[in-house]
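What the coordinates show
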Number of protein chains: 4
Amino acid sequence: EDTWSVAGKTFRSRLIVGTGKYKDFAQNAAALEASGAEIVTVAVRRVNVSDRNAPMLTDFIDPKKITYLPNTAGCFTAEDAIRTLRLAREAGGWDLVKLEVLGEARSLYPDMVETLRATEILANEGFKPMVYCVDDPIAAKRLEDAGAVAIMPLGAPIGSGLGIQNRITIRLIVEGAGVPVLVDAGVGTASDAAVAMELGCDGVLMNTAIAEAKDPVMMAGAMKAAVEAGRLAWRAGRMGVRRYADPSSPLAGLI
Amino acid sequence: EDTWSVAGKTFRSRLIVGTGKYKDFAQNAAALEASGAEIVTVAVRRVNVSDRNAPMLTDFIDPKKITYLPNTAGCFTAEDAIRTLRLAREAGGWDLVKLEVLGEARSLYPDMVETLRATEILANEGFKPMVYCVDDPIAAKRLEDAGAVAIMPLGAPIGSGLGIQNRITIRLIVEGAGVPVLVDAGVGTASDAAVAMELGCDGVLMNTAIAEAKDPVMMAGAMKAAVEAGRLAWRAGRMGVRRYADPSSPLAGLI
Amino acid sequence: EDTWSVAGKTFRSRLIVGTGKYKDFAQNAAALEASGAEIVTVAVRRVNVSDRNAPMLTDFIDPKKITYLPNTAGCFTAEDAIRTLRLAREAGGWDLVKLEVLGEARSLYPDMVETLRATEILANEGFKPMVYCVDDPIAAKRLEDAGAVAIMPLGAPIGSGLGIQNRITIRLIVEGAGVPVLVDAGVGTASDAAVAMELGCDGVLMNTAIAEAKDPVMMAGAMKAAVEAGRLAWRAGRMGVRRYADPSSPLAGLI
Amino acid sequence: EDTWSVAGKTFRSRLIVGTGKYKDFAQNAAALEASGAEIVTVAVRRVNVSDRNAPMLTDFIDPKKITYLPNTAGCFTAEDAIRTLRLAREAGGWDLVKLEVLGEARSLYPDMVETLRATEILANEGFKPMVYCVDDPIAAKRLEDAGAVAIMPLGAPIGSGLGIQNRITIRLIVEGAGVPVLVDAGVGTASDAAVAMELGCDGVLMNTAIAEAKDPVMMAGAMKAAVEAGRLAWRAGRMGVRRYADPSSPLAGLI
């Protein structure tokens, strides 16, 4: 069976989905189910903790069945991110977390200096950080050395739907990594997810591509199939590329 | 249920696979099964008719369960192609056929003058020709007017594995067509097949991408998933593309 | 000196510019001068012949210094195009002409059946037709056989500015052609024109990319430089592509 | 006149060329002249200082006419790079320098942690560092804050000739920068250089694309024209992109 593991946990699905931008929790849960994802990521800062009467995500997505991956969306410094994750750990016991430390609101690009610093501190505190980062092979190695349990390079800016802009860098990261690599951000449609997997990534994380599709639940199914397709194609070993044609039907044995 | 129809027949699978370049018929049959394809295309000129003791494709792929689509691979004139298909009809009763009339051995590009002429003649003789063609929206309309029951533009040269080179033309053909459009030729890996479907095509035909993968049967499974992924993504309606980032996790409700 | 010839005439500039969409004839003439073009193409159907008092293009662009290339923009049948060019020849003696026969108003794609037919007739009547066509290597050979003195494949739809969509087909046409090949349509900015030349084309024709730039005269200068750059790069023979890095500064002789 | 300035010096040429991989100094000098470059970059570690009888670059390229830009090619730590540049300053008085701190020999990607640290130290010592870096908009801002006088993101791995892989990131860097941005590394042919300039960069640095062309001197001329073309196109303001066609020759005034 084709599985992958992160921080000692093993998963069959290679798709991680988000919890932002959905119409409501019911739609989110339906999309999650259609996606086959076993991990869902949640922005700690967005979690409703004040209004006990409002609906809660956990009423719709069972934390006993689905792994919750707290993330630090909206944090612009290492301290913010670390404080956020400490709160999450105190509240729910999570130590497998997704770290993102943003550099600016415009592009939502990560700040790699703060990200690296936060990774070190979190790892020292016993967290298992999966880390959102730029598609920089050297930074990826530094994150791994600092204790990142997974490398999560962006394929394109968060929420852009532009698809993977630089296949060379993603490939270099995969070749150099000793921990799982998952493309995080930039996927817009199914083929983008397949491309990520065909580059040898261990998985893909996405939110907007599903939540902002006209039919999010159907798109979740598309992404499930796309990740599987890309993974199988990677494992199967694609044909070489030829510039000129080569007949599929060699002409020996003509009638 | 999401099906498509050509010449009065309805299919669930949107993937058509070939019968060239496999190690043997057993591998071909296994790949076909993994692909989920309901149609298999066969080069009439390659069919063994002289040696009754040699193995036959029909011993491995049951024509009662799988639709055989005879093709004219290796024909360089309308006359050659027409003669080939008449033989096929006499031998097996097929009238749903795949026409290809090649213009040169180097690129295996179709000769559209001969292709159009052959389409007219075949349609007048009661054939239902699915037609391999260049990615030319006007030629596609002419083929349809001449009696083509499906338009099959190349995505890249046959056997090249280069992927779809021109998304604009494939999209223009799809928008203008009144019959099914299937990308035929050029697919190299799973994401290429997904792209074809995301452009709104009704299906994809491929041979080399599966037969020349290191593991053809696994790649057939990849292609099955990729075509389904692309189709679902098309139906689901993808998100718009944004140049700049947009947070998946809006920062309302901060802790 | 690096020149090219068509129908017995020799030119230094490899850029052909149009005469549509400019603010006025003065701007058109200024852009032409900045472009360095020696050939300007004019839609016969747009030429003002009724109002003798209105300004005329020939007052701004001297036909004794610049080669006028009449074209058949707006013609949708071979007959229309042929009639238009006969009128042009009677009026001005031109036999070097640009043939385009459009297939539909939406995409302005050529109708290759009509285009091929018109090419034959025009060549038989002594015209020297440079022919707008799809990027189809086989059709290109047929046009050449029918008497086309230059092959002018589109890089993308007319007026789209999308750049060259399919480098494989342009390259195949160049490799197979015995007459000059010029990309006609699709160029949006300078690098697009350079790409056309780097593929080995003999020249580029454009109109909208210059006329609809914010500063058409400056863009004309950009295109002049881009065509020269691409031509020189083609002649110089580019470096090979390497997937991984190779130091420009080998480390022998360290301090 | 269209000029650019870095560290108080003003230049007309926007092309910087290297001094590696040429057959000999004479070819290097001829290529430099054909390129029109006013700046040449030299790997300090490669400079011959031991053999007084061997030919010297300065005999071929006059430091009084051409600005020498010492670089730290081959340095893998901040300390190495700083020491190298201190030697260069002591030897020749240069303070305008190009800093590169590599992360690994395989991809020659920069190590941004070391690069940022070296930039700070060098700026504090009065150097004016132009800094080779990954295409990361946040890192670019940090470099600028640390004292970089120019940001030099890679377009693709050094010596790869792959062209600019990620236009989004280069564009984001240009939009955010308060100092000149020059693409450094990745250019393979003329159109790649034009693309860099069309994204709004202030210049381009290249070595292999010229030195490894079949005819380096002719390619240097191609690059000169390409940089000018891209710059003019950027200033002129390109046409918008349209998906569907738009006739250059509106059909008013038909014959």
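Structural data are supplied above this passage.
The written sequence of each chain sets the order in which its residues are numbered from 1. Naming scheme: in the order in which they are written, chains are lettered from A and ligands are numbered from 1. Totals for whole chains, interfaces and linings use all residues, but because this is a predicted model, local features are given only for residues with pLDDT of at least 70 and pairs of side-chain atoms are given and counted only at 80 or more. With hydrogens and water stripped out, all remaining heavy atoms of the structure feed into the side-chain values.

Before going further, it helps to examine the overall build of chain A. In this description a helix means any DSSP run of H or I spanning at least four residues, a strand means any run of E spanning at least two, and both kinds are numbered starting from the N terminus. Along the backbone of chain A there are 8 helices and 10 strands. Taking 2.2 N^0.38 as the reference for a compact globule, 255 residues should give roughly 18 Å; the C-alpha atoms of chain A span a radius of gyration of 19 Å, in line with that estimate. Each principal axis of the C-alpha distribution contributes one length, and for chain A these read about 80 × 40 × 35 Å. Of all 255 residues assigned to chain A, the portion counted as buried reaches 62%. A separation of at least 24 residues holds for 65% of the contacts in chain A among residues at least 6 apart in sequence. All accessibility values rest on the Shrake-Rupley procedure with a 1.4 Å probe; residue burial counts only the protein chains present in the view. Just so you have it, chain A exposes about 9200 Å², and 50% of that area is on carbon and sulfur atoms. Atoms counted for the radius of gyration: C-alpha only. Globule rule: 2.2 Å times the number of residues to the power 0.38. Throughout, exposure labels follow a simple rule: accessible area from a 1.4 Å probe, protein chains only, divided by the maximum for the residue type, with under 20% read as buried, over 50% as exposed, and the rest as partly exposed. We call two residues contacting when some pair of their heavy atoms lies within 4.5 Å.

This brings us to helix α2 (residues 78-92) of chain A. All names here are of chain A. Take the number of residues in a helix, subtract one, and multiply by 1.5 Å to get its expected span. Across its 15 residues, α2 extends 21 Å between first and last C-alpha, which sits within 8% of the 21 Å expected from 1.5 Å per residue. Of all the positions in α2, only Ala78, Asp80, Ala81, Ile82, Thr84, Leu85 and Ala88 are classed as buried. Each element contacted by the buried residues of α2 is listed here: β5 (67-71), β6 (96-99) and α3 (112-124). Downstream of α2 by a residue or two, Gly93 has a phi angle that is positive, lying close to 80°.

Let's shift gears to the relation of the copies chain D and chain C. The superposition of copies rests on a least-squares fit of C-alpha positions from residues with pLDDT of 70 or more in both. Of the transformation superimposing chain D on chain C, the axial component is 0.0 Å and the angular component is 180°, with the fit at an RMSD of 0.0 Å. Such a combination of rotation and displacement between the chain copies is what one expects of a two-fold axis. Of the residues that chain D buries at the interface, 98% are likewise interface residues in chain C, meaning the two copies contact each other through the same surface.

Let us look at the interface of chain D and chain C. Much of the literature gives interface size as the accessible area that the parts lose upon coming together. Every contact between the two is made by 64 residues of chain D and, on the other side, 64 residues of chain C. Around 5300 Å² of area is buried between chain D and chain C when both sides are counted, 63% of it from carbon and sulfur atoms. A pairing counts as a salt bridge when a side-chain nitrogen of Lys or Arg comes within 4 Å of a carboxyl oxygen of Asp or Glu. Where chain D meets chain C, there are 2 salt bridges. C:Arg242 is paired through a salt bridge with D:Glu212; the nearest N and O atoms lie 2.5 Å apart. Here a polar contact is recorded for every N or O atom pair within 3.5 Å, except that within protein the pair must consist of a potential hydrogen donor and a potential acceptor, and residues adjacent in sequence are included only if both atoms are side-chain atoms. At the boundary of chain D with chain C, the tally comes to 20 residue pairs in polar contact (both at pLDDT 80 or more). At the level of elements, α6 (190-198), α7 (208-211) and α8 (216-236) of chain D are the ones that each hand at least two residues to the side of chain D that touches chain C. Looking at the side of chain D that touches chain C element by element, the count peaks at 12 residues for α8(D). Class assignment of the residues belonging to the side of chain D that touches chain C gives a composition of 33 nonpolar, 18 polar and 13 charged. Buried surface area refers to the total accessible area, computed with a probe of radius 1.4 Å, that the two partners give up upon joining, counted for both partners together. Polar here means any residue other than Ala, Val, Leu, Ile, Met, Phe, Trp, Tyr, Cys and Pro, which are nonpolar, and Asp, Glu, Lys and Arg, which are charged; Gly is therefore polar.

Below, the discussion takes up the interface of chain B and chain A. Contacts between chain B and chain A engage 64 residues on the former and 65 residues on the latter. Across the interface of chain B and chain A, roughly 5300 Å² is buried in total on both sides, 63% from carbon and sulfur atoms. For the pair chain B and chain A, the interface holds 2 salt bridges. At the junction of chain B with chain A, the criterion picks out 20 residue pairs in polar contact (both at pLDDT 80 or more). The element best represented in the side of chain B that touches chain A is helix α8 (residues 216-236) of chain B, accounting for 12 residues. Of the residues contributing to the side of chain B that touches chain A, the split by class is 33 nonpolar, 18 polar and 13 charged.

All names here are of chain A. Burial of the side chains of strand β10 (residues 203-206) extends over both faces: Gly203 and Leu205 are buried on one face and Val204 and Met206 on the other. Alignment of strand β3 (residues 15-17) against β10, held across 3 bridges, turns out to be parallel. Bridge pairing links Ile16 to Leu205 in β10. Both strand β9 (residues 182-184) and β10 contribute to a ladder of 3 bridges, which runs parallel. Within β10, the position partnered with Val183 by the bridge is Val204. Crossovers are marked right-handed if the path from the first strand over the helix to the second runs clockwise, as seen with the strands pointing away from the viewer. For the crossover that starts at β9, traverses helix α6 (residues 190-198) and ends in the parallel β10, the hand is right-handed. Pairing between strands requires that DSSP locate at least two bridges from one strand to the other.

Moving on to the state of the cysteines. Residues and elements named next belong to chain A. Cysteine sulfur atoms that pair up within 2.5 Å are treated as a disulfide. Evaluation of the coordinates by the stated rule reveals 0 disulfides over all chains. Cys201 forms no disulfide, and the closest cysteine sulfur to it belongs to Cys133, at a distance of 11 Å. Residue classification places Cys201 among the buried residues on the basis of a relative accessible area of 0%.

Locating C:Leu15 in the fold gives a position in strand β3 (residues 15-17). Once residues within four sequence positions are removed from consideration, C:Leu15 is found in contact with C:Ser35, C:Ala37, C:Glu38, C:Ile39, C:Val204, C:Met206, C:Met223, C:Lys224 and C:Val227.

So, on to the relation of the copies chain B and chain A. Rotating chain B by 180° and translating it 0.0 Å along the rotation axis places it on chain A, where the RMSD comes to 0.0 Å. The overlap is high: 100% of the interface residues of chain B also sit at the interface in chain A, so the same surface is used on both sides.

In this section: the packing of helix α2 (residues 78-92) of chain B against helix α3 (residues 112-124) of chain B. Residue and element names in this part refer to chain B. Put simply, α2 and α3 touch, their axes get as near as 9 Å, and they point 35° apart. As α2 packs across α3, the resulting crossing turns out to be right-handed. Across from Ala78, Glu79, Ile82, Leu85 and Arg86 in α2, the residues of α3 making contact are Glu114, Arg117, Ala118, Ile121 and Leu122. Among the residues forming the contact of α2 with α3, the class breakdown is 6 nonpolar, no polar and 4 charged. To get an axis, fit a line to the C-alpha atoms, keeping to the stretch in contact for a helix; angles then go from 0 to 180 degrees between the N-to-C directions. Each crossing gets its hand from how the near helix is turned against the far one by less than a right angle, where anticlockwise is left-handed and clockwise is right-handed.

Residues and elements named next belong to chain B. By the element assignment, Asn71 lies in strand β5 (residues 67-71). One polar contact links Asn71 to Thr41, side chain to side chain, over a distance of 2.9 Å. Residues within four places of Asn71 in sequence aside, it is in contact with Thr41, Val42, Ala43, Val44 and Lys98.

So, about the packing of helix α4 (residues 137-146) of chain D against helix α5 (residues 167-176) of chain D. Residues and elements named next belong to chain D. Between α4 and α5, the least distance of the axes is 9 Å, while the angle of their chain directions is 35°. Relative to α5, the crossing made by α4 is right-handed. Contacts between α4 and α5 involve Pro137, Ala140, Lys141 and Glu144 from the former and Leu172, Ile173 and Gly176 from the latter.

The subject of this paragraph is the pattern of salt bridges. The full count for this structure, using the stated rule, is 76 salt bridges over all chains. Between B:Glu104 and B:Arg106 there is a salt bridge, with its nearest N and O atoms 3.5 Å apart. Since its relative accessible area comes to 31%, B:Arg106 is described here as partly exposed. Taking the shortest distance from any N to any O, the salt bridge between B:Lys224 and B:Glu228 comes out at 3.2 Å. With B:Lys224 and B:Glu228 both in helix α8 and 4 residues apart, the pair spans about one turn of that helix. Through salt bridges with shared partners, one network takes in A:Glu104, A:Arg106, D:Arg171 and D:Glu175.

Looking now at the side chain of B:Glu198. On the secondary structure map, B:Glu198 appears in helix α6 (residues 190-198). Buried charge without a partner: B:Glu198 forms no salt bridge, and the closest opposite charge is B:Arg167, 5.7 Å away. Reaching out from B:Glu198, the side chain makes a polar contact with the backbone nitrogen of A:Ala190 at a distance of 3.1 Å. If we ignore the near neighbours within four places in the chain, the residues touching B:Glu198 are A:Thr189, A:Ala190, A:Ser191, B:Gly230, B:Ala233 and B:Trp234. His is not counted, nor are the chain ends; Lys and Arg add positive charge and Asp and Glu add negative charge.

Before going further, it helps to examine the environment of C:Glu212. All names here are of chain C. Within the element layout of this structure, Glu212 appears in the loop between α7 (208-211) and α8 (216-236). For Glu212, a relative accessible area of 29% gives the class partly exposed. When the C-alpha atoms of Glu212 and Gly188 are compared, they prove to be 9.6 Å apart, with 24 residues separating the residues in sequence.

Right, let's talk about the packing of aromatic side chains for a bit. Only rings of Phe, Tyr and Trp enter the pairing, Trp through its six-membered ring, and a pair is recorded when the two centres are within 6.5 Å. The plane angle decides the type: under 30 degrees is stacked, over 60 is edge-to-face, the rest tilted. Under the definition given, this model contains 12 aromatic pairs over all chains. Ring geometry for C:Trp4 and C:Phe11: centres 5.7 Å apart, planes at 40°, overall tilted. Overall, the relative accessible area of 3% leaves C:Trp4 in the buried class. Consider the ring centre and the ring normal. A charge sits over the ring if Lys NZ or Arg CZ is within 6 Å of that centre and within 35 degrees of that normal. The aromatic ring of B:Phe127 is capped on one face by B:Arg89, whose charged end is 3.7 Å from the ring centroid.

Spatial relationships are all this shows, so hold off on functional conclusions.
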